[in-house]
Amino acid sequence: MADAIRVLAMDAVEAANSGHPGMPMGMADVATVLWSRFLKFDAAAPDWPDRDRFVLSNGHGSMLQYALLHLTGFEGVGLEDLKQFRQLGSRTPGHPEYGHTAGVETTTGPLGQGLATAVGMAMAERALAARFGGELVDHRTWVLAGDGDLMEGVSHESIHLAGRLGLHKLTVLWDDNLITIDGAASLSETGDQLRRFEAAGWAVRAVDGHDMAAVEAALAWAVQQDRPALIACRTKIGRGSPSMEGHQDTHGKALGPEAVAEVRDHLGWPHDPFVVPDAVYAAWRPVGRRGASVRAEWDARLAKSSRRPEFEHALSGEQSQPALTALADFAQRAAEARPTAATRVHSGKVLDALVPVVPEMIGGSADLTGSVNTLVKGMGVFDAPDYAGRYVYYGVREHAMAAAMNGMALHGGVVPYAGTFLVFSDYSRPAIRLGALMGVRVVHVMTHDSIGLGEDGPTHQPVEHLASLRAIPNLQVFRPADGVETAECWALALSTPGTPSVLALSRQSAPAVRTEAGENRSARGAYQLFPADGPARVTLFATGTEVGVAAAAREQLQAEGLPTRVVSVPCMELFAAQDAAYRREVLGQAPVRVAVEAGLRLGWDALIGPEGRFIGMTGFGASAPAPALYKHFGITPEAVVEAVKAAL
């Protein structure tokens with residue numbers, strides 16, 4: 001059974017002349033024991049909610065997973081698919097991709113991300129078990145990881161988070177093969193991984209990864225632990241190749257015709273490429289069906305459960321009517337009261353209304369709860385032993401936090417959101433990008449969104465971050481101007497299941513600019529907020545706290561006889577998705593266009609054109625109170641007026 005994995009991986013990489021045969025060949029024994037004896041799944045139902053989650057964190061070894069999916073009978077992973085490994089349009093891309101291949105739980109490849117994402121899956125399992133009980137939610141998360149995964153910084157954050165939370169249904173199988181691309185792992189790593197994990201609160205054990213009985217005993221031990229478990233599996237990369245076993249070249253190169261022939265002879269595998277004997281299928285296919293009876297029993301329990309409608313609603317990801325009503329009511333109150341406040345404060349009040357009626361929401365922050373306003377009274381702390389709370393104290397671990405939220409969203413049944421400062425999106429970015437690539441609904445609450453945070457200075461003042469995040473495909477970057485827009489942006493973030501969102505929110509107060517609610521005007525990405533008194537000669541575009549600056553400039557310009565429009569742009573991505581006629585209408589025909597945003601110009605030329613004027617930042621900020629900084633950097637109504645007159 002294990003040799004079938006080795007040969008299929010070798011053949012696929014050879015056919016593509018591209019890929020990584022070494023890890024699949026080295027971990028074939030471990031994977032065979034895990035999948036045939038411990039992994040709870042049904043190949044006929046890859047989306048069964050109570051299946052175990054399998055994460056191949058060292059995703060370069062993707063042929064290990066594709067071979068397993070094929071051998072156990074997953075639909076859509078046939079021999080022809082294996083033959084198309086790494087080819088355009090195939091179901092077997094170079095690294096596993098979520099939503100692309102049945103049985104792939106998450107996109108992996110950037111090392112460390114799979115492990116960190118799996119922590120979120122294990123968290124979601126515990127949260128749902130606390131809510132619905134063990135009869136409906138009782139499964140494990142298994143991770144295969146390599147040396148590179150454990151070297152990446154996010155692994156440190158994630159293993160400490162998992163250890164602190166006592167996620168005992170999480171097991172990591174480390175491919176301890178002593179090899180990296182550059183050569184011996186000792187060239188760059190001499191740490192003791194077992195002691196490192198143990199210090200983080202994990203149970204640890206080391207085994208010979210080619211001794212199947214020892215691996216089975218270790219896995220049986222792991223499922224009995226009261227904490228997450230690490231099993232260090234000592235393996236040889238390229239196992240089965242007489243000439244290349246244990247050599248770094250097997251990591252990322254095809255073995256070559258001679259070495260492939262040697263492997264076949266050494267393993268006693270006389271079959272042509274991509275030929276699997278019936279006897280091997282006869283051993284593997286029952287593994288894929290082994291979970292069918294378990295799933296049928298689970299289906300029967302769900303059918304009888306009084307919680308079924310609630311459970312199915314949670315898994316659907318749809319927003320309930322109470323949630324939509326809460327958002328609409330908040331927006332209406334904000335339109336009527338017109339409070340002057342920071343948008344982070346508005347966001348906190350939106351959550352006050354939203355969280356009590358959306359039990360799927362799980363919040364948190366990276367040790368900034370009081371600043372990012374993500375905690376709602378009564379949520380409770382997500383922690384052992386019962387995991388019934390809905391607020392996660394992630395600690396100063398932005399990267400692990402973002403990755404864990406991806407894992408929660410992938411698992412399903414929960415809607416994760418969490419907060420940090422916008423400048424620290426640099427720490428979160430790899431996971432934000434991966435979430436966008438996978439198309440998962442995660443809400444990143446990013447406050448202190450400009451030089452307006454003031455005295456903390458340029459280390460904490462984001463200037464390039466809005467542009468940087470807007471550059472990520474399939475990511476919604478919202479920067480609301482007031483309470484109404486904040487509620488609208490939250491509604492959009494929650495109602496877009498295939499897209500993660502960033503809410504960029506201010507530390508400093510901003511005036512209310514919307515006096516009406518009802519239609520979600522932010523859904524168009526940009527809209528005319530204030531019309532010109534007469535044929536417009538000027539259009540001012542702005543986001544967030546600078547919408548108030550643009551509105552004040554409009555008053556001055558119109559008082560001087562220059563009809564001026566103001567367009568609020570809460571989300572450039574949504575505006576770019578509108579039809580051409582709407583975009584032309586919003587952009588207007590005024591000869592002068594000026595954008596106002598306390599960030600860099602990058603990206604704004606799509607709205608104002610290369611001849612348009614920009615009022616914002618051209619470099620880093622400084623340490624001073626916010627009003628002084630806005631004046632110093634020329635982000636004021638007076639500066640806008642001056643720019644307009646210069647353009648005219």
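About the cut-offs
Residues numbered from 1 in each chain as written. Predicted model: local features only at pLDDT ≥ 70, side-chain atom pairs only at ≥ 80, totals over all residues. Heavy atoms only, no water. Helix = DSSP H or I, 4+ residues; strand = E, 2+ residues; numbered from the N terminus. Contact = heavy atoms within 4.5 Å. Polar contact = N/O pair within 3.5 Å; in protein donor to acceptor, adjacent residues only side chain to side chain. Salt bridge = Lys/Arg side-chain N within 4 Å of Asp/Glu carboxyl O. Buried < 20%, exposed > 50% of the residue type's maximum accessible area, 1.4 Å probe, protein only. Expected span 1.5 Å × (residues − 1). Pairing = 2+ DSSP bridges. Axes fitted to C-alpha atoms, helices over the stretch in contact; angles between N-to-C directions. Phe/Tyr/Trp six-rings, centres within 6.5 Å; stacked < 30°, edge-to-face > 60°. Lys NZ or Arg CZ within 6 Å of the ring centre and 35° of its normal. Patch = residues over 30% accessible without salt bridge, like charges linked within 9 Å, V, L, I, M, F, W, Y side chains within 5 Å. Areas by Shrake-Rupley, 256 points an atom, 1.4 Å probe, with all protein chains shown as cover. 1 Å grid on protein atoms, 1.4 Å probe; cavity = no way out; pocket = protein on both sides within 12 Å on 5 of 7 lines; lining within 4 Å. Points joined across faces, edges and corners; volume = space filled by probe spheres on them. Nonpolar A, V, L, I, M, F, W, Y, C, P; charged D, E, K, R; others polar. Core = buried A, V, L, I, M, F, W, Y, C linked by side-chain atoms within 4.5 Å. Right-handed = clockwise from strand over helix to strand, strands pointing away.

A short note on the environment of Y527
When you line up the elements, Y527 lands in strand β16 (residues 527-530). For the pair Y527 and C233, spaced 294 residues apart in sequence, the C-alpha separation works out to 58 Å. Setting aside residues no more than four positions away along its own chain, Y527 makes contact with E485, R514, R521, S522, V566, V567, S568, P570, Y582 and V586. At 2.5 Å, the side chain of Y527 and the side chain of E485 are in polar contact.

Some thoughts on the pattern of salt bridges
By the definition in use, this model includes 32 salt bridges. For E125, the salt bridge goes to K169, with nearest N and O atoms at 3.8 Å. Taken together, the residues E125 in helix α5 (residues 113-132) and K169 in the loop between α7 (153-165) and β3 (170-176) connect sequence positions 44 residues apart. This pair shows no difference in class: E125 is buried, exactly as K169 is. A network of salt bridges, in which partner residues are shared, links E125, R126, D138 and K169.

Some words on helix α15 (residues 343-354)
With 12 residues, α15 should reach 16 Å at 1.5 Å per residue; the first-to-last C-alpha distance of 16 Å fits that figure. Looking only at α15, the buried set comprises T343, R344, H346, S347, G348, V350, L351 and L354.

A few points about the pairing of strand β19 (residues 592-596)
A large share of β19 lies buried, amounting to four of its five residues. With five bridges joining them, strand β17 (residues 538-542) and β19 adopt parallel strand pairing. Paired with A542 across the strands is V596, a residue of β19. Where β19 lies against strand β20 (residues 613-615), three bridges are found, and the strand directions are parallel. The partner of V596 across the bridge, within β20, is I615.

Focus: the sheet that holds strand β7 (residues 229-234)
If you walk across this open sheet you meet the five strands as β1-β2-β3-β7-β6, and the pairing is parallel. Both outer strands of the open sheet, β1 (53-56) and β6 (203-208), are each paired with one neighbouring strand and no more. With direction set aside, neighbouring strand axes in the sheet form an average angle of 15°. As paired strands, β1 and strand β2 (residues 141-145) are joined by four bridges and run parallel to one another. Residue pairing for β2: F54 is matched across the bridge by W142.

Structural notes on the packing of aromatic side chains
Taken as a whole and judged by the stated rule, the model has 15 aromatic pairs. In this structure an aromatic cluster arises from ring pairing among W35, F41, F54 and F74. Across from the ring centre of W142, 5.4 Å away, lies the NZ or CZ of R140, which sits over that ring. Positioned over the ring face of Y582 is R524, at 3.7 Å from the centre of the ring.

With respect to a nonpolar patch on the surface
Taken together, the side chains of L375, V381 and Y393 make up a nonpolar region of the molecular surface, amounting to roughly 280 Å² of accessible area. Relative to the helices and strands, L375 is located in the loop between α16 (369-372) and β10 (391-393).

Considerations on the layout of surface pockets
Looking at the largest pocket, its volume works out to about 690 Å³. What lines the largest pocket is a set of 34 residues, and nearest its centre among them are Y98, L315, A409, L410 and G412. At the level of secondary structure, the elements contributing two or more residues to the lining of the largest pocket comprise α13 (308-316), α17 (398-411) and β11 (415-421). Looking at side-chain class alone, the lining of the largest pocket contains 15 nonpolar, 13 polar and six charged residues. As a volume, the second largest pocket reaches approximately 280 Å³. Contributing to the lining of the second largest pocket are 18 residues, with G148, I179, T180, I181 and H251 lying nearest its centre. Take the lining of the second largest pocket: its biggest share by element is four residues, from helix α6 (residues 147-151).

Some details on the environment of S62
Examined against the element boundaries, S62 turns out to sit in helix α3 (residues 62-71). Sequence-wise, S62 and M23 are 39 residues apart; in three dimensions their C-alpha atoms are separated by 8.9 Å. Ignoring sequence-local partners within four residues, the contact set of S62 consists of L56, F85, P93, G94, H95 and P96.

A word on empty space enclosed by the protein
One simple way to see leftover space: roll a probe sized like a water molecule over the atoms. This model, assessed by the stated rule, comprises four cavities of 30 Å³ or more. Estimated volume of the largest cavity: approximately 100 Å³. Forming the walls of the largest cavity are W35, L39, F41, D42, A45, P46, R51, D52, F54, F74, G103 and E105.

Considerations on the nonpolar core
It is characteristic of soluble globular proteins that their nonpolar side chains tend to be buried jointly. In terms of nonpolar packing, the biggest core is built from 63 residues, with L34, W35, L64, L219, I231 and W284 touching the most fellow members. One finds L167, V172, W174 and M408 within the second-largest nonpolar core, a separate group that totals 54 residues.

A few points about the pairing of β7
Of all six residues making up β7, five are buried, and the element is well covered by its neighbours. Pairing of β3 with β7, which is carried by six bridges, proceeds in the parallel orientation. The partner of V172 across the bridge, within β7, is L230. The pairing of β6 with β7 spans six bridges and is parallel. Among the inter-strand pairings, V204 is bridged to a residue of β7, identified as L230. In this fold, β6 hands off to helix α9 (residues 212-222), which returns the chain to β7; that crossover is right-handed.

As for the sheet that holds β19
The strand order β16-β18-β17-β19-β20 describes an open sheet built from five strands, whose pairing is mixed. Unpaired on one side and paired on the other, β16 and β20 mark the two borders of the sheet. Each neighbouring strand pair of the sheet contributes to a mean axis angle of 30°, computed without reference to strand direction.

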